[in-house]
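A closer look at the structure
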Amino acid sequence: MTLPQPPAGGAPIARLLTLLIAVLLLGGIGTGAVLYAADRSGKRDEEQQGGPAVRAGSVSLQPAGQQLVFRSMAWGPHRDELATVPADHPDGERTASGVKCLRFHAAAGTGICLQAVHGALEDTYRTVILDAKLHELHTFPAAGIPTRARVSPSGYLAAWTVFVSGDSYAGTDFSTRTAIVDTRTWALQDNLETYAITKDGHPFQSHDTNIWGVTFADDTRFYATLATGGHTYLVQGDVTARTLTTLHQNVECPSLSPDGTRVAYKKRAPGAPADAPWRLYVLDLRTMTETATAEQRNIDDQALWADDSTLVYALPGDFGADLWTTPADGSGSPRRLVSAAVAPAYLG
Amino acid sequence: MYLADSRSTKAPVAPGTRPGRRGAAVPGTVLALGAVSLITDISSEMVTAVLPLYVVAGLGLSPLGFGLLDGINNGVGALVRLVGGHLADRGGRGHKTVAAVGYGLSAVCKPLLLLAHTVPLIGAVLAVDRTGKGLRTAPRDAMISLATEPEHRGRAFGVHRAMDTTGALLGPLVAFAVLRATVDGYDAVFAVSGCIAALGVLVLLLFVPTPARTADAPPRSSLRDSLTLLRLPALRRLGLCAVLLGLTTVSDSFLYLLLQRQLGLSTHLFPLLPLGTAAAFLLLAVPLGALADRIGRRTLFLAGHGALLLAYVLVLARIPGGAVAVGVLLLHGMFYAATDGVLAAATANATPADQQGAGLALVGTGQALARFACSLAFGAAWSAWGGHTALAATATALAVSAVAAYLLLRSPDEVTE
């Protein structure tokens with residue numbers, strides 16, 4: 001077919017030649033970028049100088065002594081695998097399990113592992129419930145990108161949150177989905193947004209609710225974040241009654257202390273920059289008083305209680321993320337606990 | 001009654017078409033613009049597909065903050081489209097220039113993503129990207145209509161929309177192929193996306209001809225001139241119908257959410273719902289566009305909203321099962337195929353040649369703003385009454401609007417060529 005007049009950019013041959021050159025040039029740049037990135041990813045499979053020692057071994061979720069388990073992000077053949085270290089020697093040699101997780105948590109011999117499944121056309125995600133020997137007990141498809149995971153103290157309940165992006169083209173419309181499963185019956189509640197909500201003492205319903213970051217008190221009660229209308233709330237949930245009740249405002253990713261009296265959480269601090277708004281706080285559930293921790297940096301993680309007085313959380317590091325620790329009462333100062341690690345849990 | 005819509009006119013034959021041949025090939029300009037859209041959509045959907053993953057897994061941030069920018073982007077996008085349409089008409093041959101600026105702006109955003117590492121910065125880059133999209137939409141559609149004989153515009157827009165959607169479906173596949181090859185190489189995805197976007201701009205510059213200067217077109221100088229288009233009865237009626245029906249068109253994400261809840265679909269199927277709509281749209285865009293040329297664009301535009309109404313009713317019927325979901329998505333895709341390009345074709349035929357950009361932008365913007373208003377109202381209604389009642393109310397309003405639109409559109413098309 002003859003192209004319409006007037007010609008857009010010279011004779012047809014010249015235009016085709018220009019296109020050919022551009023395709024070669026742009027194709028070259030694109031291929032170069034892919035090859036560069038592929039080569040870089042190859043380097044991640046080699047251990048880095050001065051990195052932590054990692055050795056393959058057998059990992060149990062019910063070990064003989066106290067251990068810390070996490071997703072090890074150190075470069076090398078065991079990158080992204082669950083690994084353990086003795087709780088009192090977090091810098092010691094890591095025992096890698098061979099099980100890869102994006103997010104992980106464990107309690108009382110039950111583990112929850114949120115995994116990516118690399119398909120031919122796209123990534124999908126799944127939730128795997130593991131027994132103490134890290135054998136798969138049950139898997140559930142996950143609707144989006146994993147972000148939070150928790151197991152109840154008894155090991156009977158497990159909860160997880162994923163990010164869902166529903167729409168094409170807009171690309172900016174994100175929401176969360178949180179699910180809870182009972183590992184005794186495998187009864188699944190796959191969307192906590194169907195729970196009856198009581199906000200400020202009144203029944204509340206809204207299409208824009210998002211729930212994330214469950215932390216269990218026992219096998220009925222839990223705490224989580226509820227977001228609606230641009231605000232976030234601490235909610236207390238009941239698995240049996242299927243209810244959520246707001247307790248406090250400006251609370252995200254709560255984490256209940258082992259004695260059940262306090263919640264560590266990230267709070268949008270007034271005056272903090274918009275791109276780094278969150279600071280780590282502790283709320284006393286009896287007096288509802290908030291205490292700022294000594295950690296002054298932006299925290300985008302669900303903290304973990306090492307014991308009744310110490311918090312552990314992830315911050316961006318040279319190899320993805322490092323785990324840091326700070327006292328829960330606002331005293332002291334933060335210090336690095338483990339490098340190249342994320343999604344921790346204490347065992348034993 | 002609608003035969004006038006497809007009557008042959010003595011209008012001057014647009015460049016790139018051969019007169020008098022029934023079922024003649026789609027004009028080269030349309031294919032070239034379709035190719036530009038296809039390439040550009042591969043590029044933009046690559047980014048859309050991996051962005052949440054990049055933000056959460058790559059940067060370790062929460063992407064929830066993006067949602068807040070959505071409202072602002074929608075308003076700005078609508079205004080930018082009006083400006084784009086207006087600028088394109090100035091002097092009669094600005095369409096290609098404005099479109100090129102729009103495509104170029106979006107292309108520049110892809111490499112910028114390599115540098116943006118915080119949620120507000122990424123949001124800002126996305127806003128610029130959307131501005132580019134708003135700017136290019138009206139001049140692109142004006143070029144399609146100016147290159148096509150009036151009686152074949154339905155099919156021409158159908159071909160364009162099908163090519164556009166093909167790109168949208170290919171984008172995620174390319175993105176994940178790159179991610180697979182590089183193991184979490186998000187920078188490589190952005191770089192490749194940038195290269196593909198640049199190629200799209202180049203194809204536009206090289207292979208899309210500058211529309212011939214329309215004879216004696218007085219230079220338009222103010223946006224108010226665009227609004228005088230509303231004095232044309234045919235365009236005014238069409239715009240009114242687009243707004244009226246847009247006010248009762250529930251946004252895609254609400255519909256998918258309702259579908260998932262009413263039918264009790266498992267949540268992991270949720271990401272597949274938009275794909276279902278897109279696939280139906282892709283398959284039906286060309287045949288329904290051609291059908292519109294035969295039986296009348298207004299008829300098909302109304303029939304498309306009938307399909308949407310049927311989709312609402314199917315959701316409301318709460319018949320459980322995957323088959324119903326497939327039916328709803330098929331109807332939803334059919335709705336888009338029967339209305340998206342078809343409205344553009346009808347608008348083009350009701351707008352003078354020298355104001356195609358402004359006319360298309362006016363109707364398109366009216367429809368977009370109406371749909372945005374519907375989203376806000378629907379959200380409030382959902383909170384107050386629950387999703388089921390909100391959808392039932394919307395379905396009723398849609399039925400009333402459709403009857404009103406039918407009455408408004410009864411008079412024949414005025415082809416002003």
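Structure first, text after, so check above.
Calculation rules
Residues numbered from 1 in each chain as written. Chains lettered and ligands numbered in written order. Predicted model: local features only at pLDDT ≥ 70, side-chain atom pairs only at ≥ 80, totals over all residues. Heavy atoms only, no water. Helix = DSSP H or I, 4+ residues; strand = E, 2+ residues; numbered from the N terminus. Buried < 20%, exposed > 50% of the residue type's maximum accessible area, 1.4 Å probe, protein only. Contact = heavy atoms within 4.5 Å. Areas by Shrake-Rupley, 256 points an atom, 1.4 Å probe, with all protein chains shown as cover. Pairing = 2+ DSSP bridges. Axes fitted to C-alpha atoms, helices over the stretch in contact; angles between N-to-C directions. Phe/Tyr/Trp six-rings, centres within 6.5 Å; stacked < 30°, edge-to-face > 60°.

Focus: the overall build of chain B
Counting its secondary structure elements, chain B contains 14 helices and 0 strands. When the helices and strands of chain B are read in sequence order from the N terminus, they spell out α-α-α-α-α-α-α-α-α-α-α-α-α-α. Residues classed as buried in chain B amount to 59% of the 417 residues present. Sequence separation of at least 24 residues holds for 85% of the intrachain contacts in chain B that already meet a minimum separation of 6. Total accessible area computed for chain B in this model is approximately 14900 Å², and 70% of it derives from carbon and sulfur atoms.

Here's the deal with the side chain of arginine 79 of chain A
Residues and elements named next belong to chain A. Within the element layout of this structure, arginine 79 appears in the loop between β2 (67–72) and β3 (81–86). With a relative accessible area of 16%, arginine 79 lands in the buried category. Filtering out sequence-adjacent residues up to four positions away, arginine 79 remains in contact with Arg44, Ser72, Met73, Ala74 and Lys100.

Topic: the sheet that holds strand β22 (residues 289–292) of chain A
Residue and element names in this part refer to chain A. Sheet architecture is open: 4 strands sit in the order β19-β20-β21-β22, paired in antiparallel fashion. Only two strands of the sheet have a single partner each, and these edge strands are β19 (252–256) and β22. The average undirected angle you get between the axes of adjacent strands in this sheet is 30°. Relative to strand β20 (residues 262–268), β19 runs antiparallel, the two being bridged by 3 bridges. Each bridged residue has a counterpart across the sheet, and for serine 255 the counterpart in β20 is alanine 264.

Digging into the packing of aromatic side chains
Taken as a whole and assessed by the stated rule, the structure comprises 13 aromatic pairs over all chains. Ring centres of tyrosine 265 of chain A and tyrosine 281 of chain A lie 6.2 Å apart, and the angle between their planes is 40°; on these two criteria the pair is classed as tilted. Of this pair, tyrosine 265 of chain A sits in strand β20 while tyrosine 281 of chain A sits in strand β21 (residues 278–284), and the two are 16 residues apart along the sequence. In terms of burial, tyrosine 265 of chain A and tyrosine 281 of chain A fall into one category: buried. With 5.7 Å between their ring centres and 45° between their planes, phenylalanine 254 of chain B and tryptophan 382 of chain B make a pair best called tilted.

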